[in-house]
Amino acid sequence: NSMLSWQRTAFHFQPEKNWMNDPNGPMYYKGWYHFFYQYNPNGAVWGDIVWGHAVSRDMIHWLHLPLAMVADQWYDMQGVWTGSATILPNGEIIMLYTGSTNESVQVQNLAYPADPSDPLLVDWIKYPGNPVLVPPPGIGTKDFRDPTTAWLTSEGKWRITIGSKLNKTGIALVYDTEDFKSYELKEGLLRAVDGTGMWECVDFFPVSKKNENGLDTSVNGDEVKHVMKVSLDDDRHDYYAIGTYDEKSVLFTPDDAKNDVGVGLRYDYGIFYASKTFYDQNKERRLLWGWIGESDSEYADVAKGWASVQSIPRTVELDRKTGSNLLQWPVAEVESLRLRSDEFKNLKAKPGSVVSIDIETATQLDIVAEFEIDKETLEKTPESNEEYTCGNSGGSKQRGALGPFGLLVLADEGLFEYTPQYFYVIKGSNGNLKTSFCADQSRSSQANDVRKQIVGSAVPVLKDEKFSLRILVDHSIVESFAQGGRTVVTSRVYPTKAIYGAARLFLFNNATEATVTASLNVWQMNSAFIRPFHPDQKN
Ligand code: DQQ
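Residues numbered from 1 in each chain as written. Predicted model: local features only at pLDDT ≥ 70, side-chain atom pairs only at ≥ 80, totals over all residues. Heavy atoms only, no water.

1. So, the side chain of Ser476
Now for step 1: Among the secondary structure elements, Ser476 is positioned in the loop between strand 32 (467-474) and strand 33 (477-482).
Now for step 2: On the basis of relative accessibility, which here comes to 0%, the residue Ser476 falls in the buried class.
Now for step 3: One polar contact links Ser476 to Arg492, side chain to side chain, over a distance of 2.8 Å.
Now for step 4: When neighbours within four sequence positions are excluded, Ser476 is seen to be in contact with Trp6, Gln7, Ser491, Arg492 and Val493. (Helix = DSSP H or I, 4+ residues; strand = E, 2+ residues; numbered from the N terminus. Buried < 20%, exposed > 50% of the residue type's maximum accessible area, 1.4 Å probe, protein only. Polar contact = N/O pair within 3.5 Å; in protein donor to acceptor, adjacent residues only side chain to side chain. Contact = heavy atoms within 4.5 Å.)

In structure tokens form, the structure reads like this:
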């Protein structure tokens, strides 16, 4: 359907057609990044789930490969669901995934490459003794899924965790294994949080307290903190907590009880779900993949013949300045797509103004921007006890003394359509600034069959920091990283006018008092090659 084809991405991963959801088993092997994903080969809606597979040298340019695993056994007849890869010290690859059986029971299965010498890992073998795990007593047969990457215990066993629930309490079960075929259920739970419901796609990994390097999943000790992430089936968002992992008691304890697993911090305050990290031993970093769904109707998905994209992989590290949140940032490889750049220095935006940013087209962009509020206004603005949350606000139209200000992306010349990515700043007690970062989708499209929310969250802005923003724009996708990736917001937007050459970029300042000074670097982005598979490419 060519009318809707502009919404396809230029540099975000997507299959040629049909439905995609969770990222599965990401890893780096013999020079290639492997990416598997939940895929419906038969249509643009969820169902008939199997594992799609693609490989890349840089996670930007992809080669699609044949389906890695299909639903051909009693133990995965209703779906080859989400799973994770573990690379053993001897280089062997272990894939654990959830199967929905012929009776719709959720079980865990083991698979491995048929030919480990094939860097593309085209063929996969399912272990004949599958399933290796069935729901334990007391756990619902449909509440037991998404095994993690395994990590080593100090006694040399492998440990995994699997999400579940007990009534409305989200829980993570823990198993130890020596051979990935037989498992011992540990007493107790890695974590349990009341009221959070089913925990899907649990992820558990260490981050360094010392530097920006990522760590292998098995690293533990004084120099690391642990991160636990859950995907809440009930509200469809990915929540993480930072804390400590006690191997002996098999327990994760969050640093801050308010920010426990499933109730505090989110990876992304927009649309981003079922994410999964892996350790990239090639470049010593931890990378995060997340499923970015659609905000349009199922009807529109069927009409366009596809649904969902994947985020640009993000590096994840502990924010060593705050110590209390992660930093996410698009992998450096995406910068290889940068073409011409336009630089704008010290643009002044008066209260209540919109300034056109003179670049050619604005559908494929990488934007780096910094903003400052004029000091005089900051000083004379009275302290206020206003509370602001993006979702309950009037979006970019709600005016305060010091904000909102930011950028209008995917806008058309006449401003019939635009999607503000903005900061809202409040001068609180003792002159401390409280900052929110939000994306306002309410005027993103004149179409009426799409969801248009105002989303975002508080973002720490430390003393002497400017307000900073990185935005990737790719047709219907906007990924925004505020303050170096402390707060991230991804939007899917479906403009009808701001498409192709008609898309524009604007600076705006809707504050009533402050003048904002902005400096921007805007790159036009090349399209990535995403190539279909041809059988003769196999060898
Ligand atoms: N998607 C998979 C499940 C997982 C869910 C099925 C999360 O394994 O819990 O497609 O989106």
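2. Remarks on the sheet that holds strand 3 (residues 50-56)
Now for step 1: Judged by pairing direction, the sheet is mixed, and its six strands sit side by side in the order 21-1-2-3-4-37 without closing on themselves. Taken across any chain shown, the strands that pair with only one partner, and hence form the sheet edges, are strand 21 (306-307) and strand 37 (530-531).
Now for step 2: Judged from the seven bridges that link them, strand 2 (residues 32-40) and strand 3 form a sheet pairing that is antiparallel. Within the sheet, the bridge partner assigned to Tyr39 lies in strand 3 and is Val50. (Pairing = 2+ DSSP bridges.)

3. Observations regarding the sheet that holds strand 8 (residues 124-126)
Now for step 1: The four strands are arranged 5-6-7-8 in an open sheet whose pairing can be described as antiparallel. Strands at the two margins of the open sheet, each flanked by one partner only, are strand 5 (79-87) and strand 8. Within this sheet the neighbouring strands show an average axis-to-axis angle of 30°, counted without direction. (Axes fitted to C-alpha atoms, helices over the stretch in contact; angles between N-to-C directions.)

4. A closer look at the nonpolar core
Now for step 1: Judged by nonpolar contacts, the single largest core of 57 residues is most densely connected at Ile367, Phe371, Leu407, Phe423, Leu505 and Leu520.
Now for step 2: Top contributing element to this core by residue count: strand 27 (residues 364-373), with five residues.
Now for step 3: If we ignore the near neighbours within four places in the chain, the residues touching Leu520 are Asp342, Glu343, Phe344, Leu347, Ile357, Ile367, Val368, Ala369, Leu407 and Leu505.
Now for step 4: With 24 residues, the next largest nonpolar core counts Phe11, Phe13, Met59 and Phe278 among its residues. (Core = buried A, V, L, I, M, F, W, Y, C linked by side-chain atoms within 4.5 Å.)

5. Quick notes on the environment of Leu407
Now for step 1: As for its placement among the helices and strands, Leu407 is situated in strand 28 (residues 405-411).
Now for step 2: Discounting chain neighbours no more than four positions away, the residues touching Leu407 are Ile367, Ala369, Phe371, Thr419, Pro420, Gln421, Ile471, Leu505, Phe506, Leu507, Phe508 and Leu520.

6. Some details on the confidence of the model for the chain
Now for step 1: Taken as a whole, the chain shows an average pLDDT of 96; of its residues, 98% reach a score of 70 or greater.
Now for step 2: When mean pLDDT is taken per element in the chain, strand 7 (residues 106-113) scores highest with 99 and strand 37 scores lowest with 74.
Now for step 3: The ipTM, which scores confidence in the relative placement of chains, is 0.99 for this predicted complex, and the corresponding pTM is 0.97. (pLDDT = per-residue confidence, 0-100.)

7. Section: the packing of aromatic side chains
Now for step 1: The full count for this structure, using the stated rule, is 35 aromatic pairs.
Now for step 2: Look at Phe371 and Phe405: their rings are 5.7 Å apart centre to centre, the planes differ by 55°, and that puts the pair in the tilted class. With Phe371 in strand 27 and Phe405 in strand 28, the pair connects residues that are 34 residues apart, well separated along the chain.
Now for step 3: Assessed through its relative accessible area of 0%, Phe371 is described here as buried.
Now for step 4: Judged by its relative accessible area of 0%, Phe405 is buried.
Now for step 5: By the ring-pair criterion, three or more aromatic residues cluster together here, those being Phe13, Phe35, Tyr37, Tyr39, Trp62 and Trp289.
Now for step 6: In this structure, Arg57 packs its charged tip against the face of Trp32, placed 4.2 Å from the ring centre.
Now for step 7: Lys497 extends its terminal NZ or CZ atom over the ring of Phe416, reaching a point 5.1 Å from the ring centre. (Phe/Tyr/Trp six-rings, centres within 6.5 Å; stacked < 30°, edge-to-face > 60°. Lys NZ or Arg CZ within 6 Å of the ring centre and 35° of its normal.)

8. Some thoughts on the site of the ligand
Now for step 1: Neighbouring the ligand are 13 residues; Asp22, Gln38, Trp46, Arg145 and Asp146 lie closest to it.
Now for step 2: At a separation of 3.1 Å, an oxygen atom of the ligand approaches a polar side-chain atom of Asn21.
Now for step 3: A distance of 2.8 Å separates a nitrogen atom of the ligand from a polar side-chain atom of Asp22.
Now for step 4: Surface burial for the ligand is 95%, taken as the share of its 310 Å² of free accessible area covered by protein chains.
Now for step 5: Elements that contribute at least two residues to the shell around the ligand include exactly strand 1 (18-29), strand 5, strand 14 (199-208) and strand 19 (273-280). (Near = heavy atom within 4 Å. Areas by Shrake-Rupley, 256 points an atom, 1.4 Å probe, with all protein chains shown as cover.)

9. Digging into the pairing of strand 10 (residues 158-166)
Now for step 1: Judged by how many residues are buried, strand 10 sits mostly within the fold: seven of nine residues are covered.
Now for step 2: Alignment of strand 9 (residues 151-152) against strand 10, held across two bridges, turns out to be antiparallel. Across the sheet, residue Trp151 finds its bridge partner in strand 10, namely Arg159.
Now for step 3: Between strand 9 and strand 10, which pair antiparallel and follow one another directly, the connecting turn spans five residues, one of which, Gly156, has a positive phi of 90°.
Now for step 4: As consecutive antiparallel partners, strand 10 and strand 11 (residues 169-177) are separated by two residues, and within that stretch Asn167 has a phi angle of approximately 50°, a positive value.

10. Thoughts on the pattern of salt bridges
Now for step 1: The tally for this structure, following the rule as stated, stands at 40 salt bridges.
Now for step 2: The residue Glu200 makes a salt bridge to Arg145 at a minimum N-O spacing of 2.7 Å. Of the two residues, Glu200 is situated in strand 14 and Arg145 in the loop between strand 8 and strand 9; the sequence distance between them amounts to 55 residues. Considered together, Glu200 and Arg145 belong to a single accessibility category, that of buried residues.
Now for step 3: Among the ionic pairs, Glu294 bridges to Lys304, the shortest N-O distance being 2.8 Å. Of the two residues, Glu294 is situated in the loop between strand 20 (285-292) and helix 1 (298-304) and Lys304 in helix 1; the sequence distance between them amounts to ten residues. Across this residue pair, the class does not change: Glu294 and Lys304 are buried.
Now for step 4: Here the residues in one salt-bridge network are Glu155, Lys157, Arg159, Asp176, Glu184 and Lys186, joined through shared partners. (Salt bridge = Lys/Arg side-chain N within 4 Å of Asp/Glu carboxyl O.)

11. Comments concerning the side chain of Ser56
Now for step 1: As for its position among the elements, Ser56 is in strand 3.
Now for step 2: From its side chain, Ser56 meets the backbone nitrogen of Asp58 in a polar contact 3.0 Å long.

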